[in-house]
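The residues making up each chain are set out below.
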Amino acid sequence: MAAATNNSTILRRPPSFFRPVLSPSPPKPTTFPLGVPIIPHRLPFLPSLRVSSKPSSSAAVSHSPQKEEASAFVSRFGSDEPRKGSDVLVEALEREGVTNVFAYPGGASMEIHQALTRSHLINNVLPRHEQGGVFAAEGYARASGRVGVCIATSGPGATNLVSGLADALLDSVPMVAITGQVPRRMIGTDAFQETPIVEVTRSITKHNYLVLEVEDIPRIVKEAFFLARSGRPGPVLIDIPKDIQQQLVVPDWDQPIKLTGYLARLPGLPNQGLLEQIVRLISESKKPVLYVGGGCLNSSEELRKFVDLTGIPVASTLMGLGSYPCSDDLSLHMLGMHGTVYANYAVDKADLLLAFGVRFDDRVTGKLEAFASRAKIVHIDIDSAEIGKNKQPHVSVCADIKPALAGLNRILENKMERRELNLDFSAWNEELKQQKRKFPLSFKTFGDAIPPQYAIQVLDELTNGMAIISTGVGQHQMWAAQFYKYNSPRNWLTSGGLGAMGFGLPAAVGAAVARPHDIVVDIDGDGSFQMNAQELATIRVEDLPVKIMILNNQHLGMVVQWEDRFYKGNRAHTYLGNPSRPEKIFPDMVKLAEAFDIPAARVFKMADLRVAIRTMLDTPGPYLLDVIVPHQEHVLPMIPSGGAFEDVITEGLDGANPVPKRRIEPDLLVISQSANRVGSG
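None of these values were measured; they are calculated from a predicted model.

Draft legend 1. Spotlight on the overall build of the chain. When helices and strands are counted, the chain shows 24 helices and 24 strands. In the chain, which comprises 681 residues, the share counted as buried stands at 59%. Residue pairs at least 24 apart in sequence account for 76% of intrachain contacts in the chain once pairs closer than 6 positions are excluded. When the accessible surface of the chain is split by element, carbon and sulfur atoms take 51% of a total near 26,900 Å².

As structure tokens, then:
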């Protein structure tokens, strides 16, 4: 732990020798008005440089970052009273409307935590690991739409945030991460717990700051929150040396922000002529399909109206689930590698693909040249770097999808009122209904054993599809995407782009803090769950009513599936149980939960599952249900990586499981050799 010092001095400007320490022979910095030079590598990760480079035809749009602060805000300090930099930081967070942070203390961030104890507006939810804190901040942001905030100390504390920052960048999650840093005089000396976190995170954040003047804290915090939530959302990191936290200063809350270049590159309102062109393409189309992603989560109402007006079927990406109700007749559910056959069929046969708020990810497109090869493509996205990056569109609009959809809806309504437009895609929708009947989502049964998909179906039924679902990464994640019906945005929390195991439990913590009156269920795998199981302590201490349903197959299920499909079933370190006692469940999740004073149960048989899940939901506070499932089941449908729709796999492997049959808890569960397949609507 870096040595703590109680010396407090008033310092208006640090000596000129305090400068960011760069790596030897760095590339020439790009001039950028955010306080820290930006090294020009991996520029696509800097939305300030990746938003539209073309002049917008709607330049009249205002993007003012000046947040209207509540006039009722009353500082704990007098207007001319000096206070520590750490207190200035906490008050800056308060002025941004922050009510919850996820912060783990250490030597370089102690001053911040001391200041948090003096705040009457901000509650700290103490994680048990910094990665748990950053994933919880993500879960908070994903569930609420607000900026999530996490705080860590220097060195290993800061580096433990890396996976969460990368995850937030790839999934466009608004987040501000604050790290303590060694005192300025020690930067670059390899001091204890010193890590150049600004350099480490430069390519996995939307922007980051190293604070070198205590007077800059109000401006930097204001800029960080604006950057995190504006344009394409993303994570921003603020690194604050300990001596800055300890300095006394009278803050200036009216400092103007310095984001001229960023503001100039934010897209304006969508071009009216392009919207008219899109409507014309829709009117000429016979087989249109909507391909919607995470960019539509804030535009669910406008999207539903657009579908009501046009009757165009909707296929969603993993990140876009819930932006359009999955239970609606026009929903094709998820497309892509593990999407429904009918969603991928629709894209393959479409003559018009409306790609709204998406990035043509490889897990969606597979073989790029075969994806939507018959279709004209319309791409609307707020990030110009995504337009044409993977798939060249015929019409592109760089704009926020919300005003774009609103504009399209106005044009459609006007034309329909004047009887200039009559859309009828009933024949196309009937063709897709036939595909739904022919290729429903289905799963195998293994005697009395519990199919993992069935467990999710039962949870969906008992919660009426209204729960907030978080997941880890793997087979359980894909089954949760397929078999739970998401009818509202921000009820589905998962690590999409990064695919970070260990995400589910801390994300559920954040969701429960953000929406305390909603049901929150972490559907997890035994592998993912163990990566952040320490957050059970946070759930217990904070008394968060998080329900945990572990689909426990004692394996790294998705890797096992690929081993079965592509490596002749050869097991390469994917068994997570105890090889010396394969008949026992290992580790014992029920005992683990009990160690954290959380009630728990285990269920083996399909006949007992419904009662077990009902008990989990009805028990006040947190609860863990360990659902033992067979590891032989695969996530289907599946389009192999780099494949096309014609390569889709819809049936399991022929014959028995490629590894020897295994008994788990004799007389409680025996996996049968035969398997029957059950259909799902």
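Next comes the rest of the description.
Draft legend 2. Quick peek at the packing of helix α2 (residues 85-95) against helix α8 (residues 217-229). Their axes nearest at 9 Å, the elements α2 and α8 cross at an angle of 35°. Crossing handedness for the pair α2 and α8: right-handed. Across from G85, V88, L89, A92 and L93 in α2, the residues of α8 making contact are I217, P218, V221 and F225. Taken together, the residues of the contact of α2 with α8 break down into 8 nonpolar, 1 polar and no charged.

Draft legend 3. Spotlight on the sheet that holds strand β11 (residues 331-334). Taken together, 6 strands build an open sheet; the order of strands is β11-β10-β9-β12-β13-β14 and the sheet is parallel. Lying at the two open borders of the sheet, with one neighbouring strand each, are β11 and β14 (395-398). Going from strand to strand, the sheet's axes swing by 15° on average, the running direction of each strand aside. Relative to β11, strand β10 (residues 314-316) runs parallel, the two sharing 2 bridges. Its bridge partner being in β11, S316 is matched across the sheet by M334.

Draft legend 4. Broad picture of helix α17 (residues 452-463). Between its first and last C-alpha atoms α17 spans 17 Å; for 12 residues at 1.5 Å apiece the expected length is 16 Å, and the two agree. Among the 12 residues of α17, 11 are classified as buried, and the element is accordingly described as predominantly covered. When we look at burial in α17, the residues that qualify are P452, Q453, Y454, A455, I456, Q457, V458, L459, D460, L462 and T463. Taken from the residues just after α17, N464 is the one with a positive phi, measuring 55°.

Draft legend 5. Broad picture of unusual backbone geometry. Going from F586 to P587, the amide bond is cis rather than trans, its omega being -10°. The phi dihedral of D190 falls on the positive side, at around 60°, and the residue is not glycine. Looking at D190, the relative accessible area reads 72%, which means it is exposed. Backbone geometry at R490 places phi at a positive 70°, although glycine is not the residue there. Relative to the helices and strands, R490 resides in the loop between α18 (475-483) and β17 (492-493). Look at R490 and you get buried, because its relative accessible area is 18%.

Draft legend 6. Representation of the pairing of strand β18 (residues 520-525) within the structure. Of all 6 residues that make up β18, 6 are buried, and the element is covered over most of its length. Alternating residues of β18 divide into V520, D522 and D524 and V521, I523 and G525, and every residue in both groups is buried. Relative to strand β19 (residues 546-552), β18 runs parallel, the two sharing 6 bridges. Of the residues in β19, the one forming a bridge with G525 is L551.

Draft legend 7. Highlighting the pattern of salt bridges. Per the stated rule, a full pass over the model turns up 36 salt bridges. Two residues, D167 and R142, come together in a salt bridge whose shortest N-O distance is 3.0 Å. Placement of the pair is D167 in helix α6 (residues 162-170) and R142 in helix α4 (residues 130-144), with a sequence separation of 25 residues. Assigned by exposure class, D167 and R142 land together as buried. Linking R142 and D171 is a salt bridge whose minimum nitrogen-to-oxygen distance equals 2.8 Å.

Draft legend 8. Up close: the environment of Q482. Locating Q482 in the fold gives a position in helix α18. Residue classification places Q482 among the buried positions, given a relative accessible area of 4%. Spatially, the C-alpha atoms of Q482 and T340 are 8.0 Å apart, while their sequence positions differ by 142 residues. Excluding residues that lie within four positions of it along the chain, Q482 makes contacts with H338, L441, V635, L636 and P637. From its side chain, Q482 meets the backbone oxygen of H338 in a polar contact 2.8 Å long.

Draft legend 9. View of the nonpolar core. With 54 residues, the main nonpolar core has I278, L290, F306, L353, L354 and F356 as its most contacted residues. With 6 residues, helix α15 (residues 401-417) is the largest single contributor of residues to this core. When residues no more than four places from it in sequence are discounted, the contact partners of L290 are L303, F306, V307, I312, P313, V314, A315, L354 and F356. With 53 residues, the next largest nonpolar core counts V173, L212, A533 and I548 among its residues.

Quick notes on the rules
The residue numbers shown here count from 1 along each chain, following its written sequence. Confidence filtering applies because this is a predicted model: local features only for residues at pLDDT of at least 70, side-chain atom pairs given and counted only at 80 or more, and all residues used for totals across whole chains, interfaces and linings. Side-chain measures were taken over the full set of non-hydrogen atoms in the model, leaving aside hydrogen atoms and water. Helix and strand assignments follow DSSP, with helices taken as H or I runs no shorter than four residues and strands as E runs no shorter than two, numbered in order from the N terminus. Categorising residues by exposure relies on relative accessible area from a 1.4 Å probe, with only protein chains included: less than 20% of the type maximum marks a residue as buried, more than 50% marks it as exposed, and the intermediate range marks it as partly exposed. Note on contacts: a residue pair qualifies if any of its non-hydrogen atoms lie within 4.5 Å across the two residues. Methods summary: accessible areas were calculated by the Shrake-Rupley approach with a probe of 1.4 Å, and residue burial reflects only the protein chains presented. Axes, fitted as lines to C-alpha atoms, cover a helix only where it is in contact. Angles between the N-to-C directions of the axes lie from 0 to 180 degrees. The handedness criterion is simple: a crossing whose near helix is rotated anticlockwise from the far helix by less than a right angle is left-handed, and one whose near helix is rotated clockwise is right-handed. Note that Gly is not counted as nonpolar here; it falls among the polar residues with everything else outside the nonpolar set of Ala, Val, Leu, Ile, Met, Phe, Trp, Tyr, Cys and Pro and the charged set of Asp, Glu, Lys and Arg. In this analysis, strands are considered paired if DSSP registers two or more bridges between them. An expected span of 1.5 Å times one less than the residue number is assigned to each helix. Put simply, a salt bridge is a Lys or Arg side-chain nitrogen that is within 4 Å of an Asp or Glu carboxyl oxygen. Within 3.5 Å is the distance limit for a polar contact, defined as a pair of N or O atoms, with the added protein rule that one can donate a hydrogen and the other accept it, and that residues adjacent in sequence qualify only through two side-chain atoms. Among buried residues, the Ala, Val, Leu, Ile, Met, Phe, Trp, Tyr and Cys ones that are joined through side-chain atoms within 4.5 Å form a nonpolar core.

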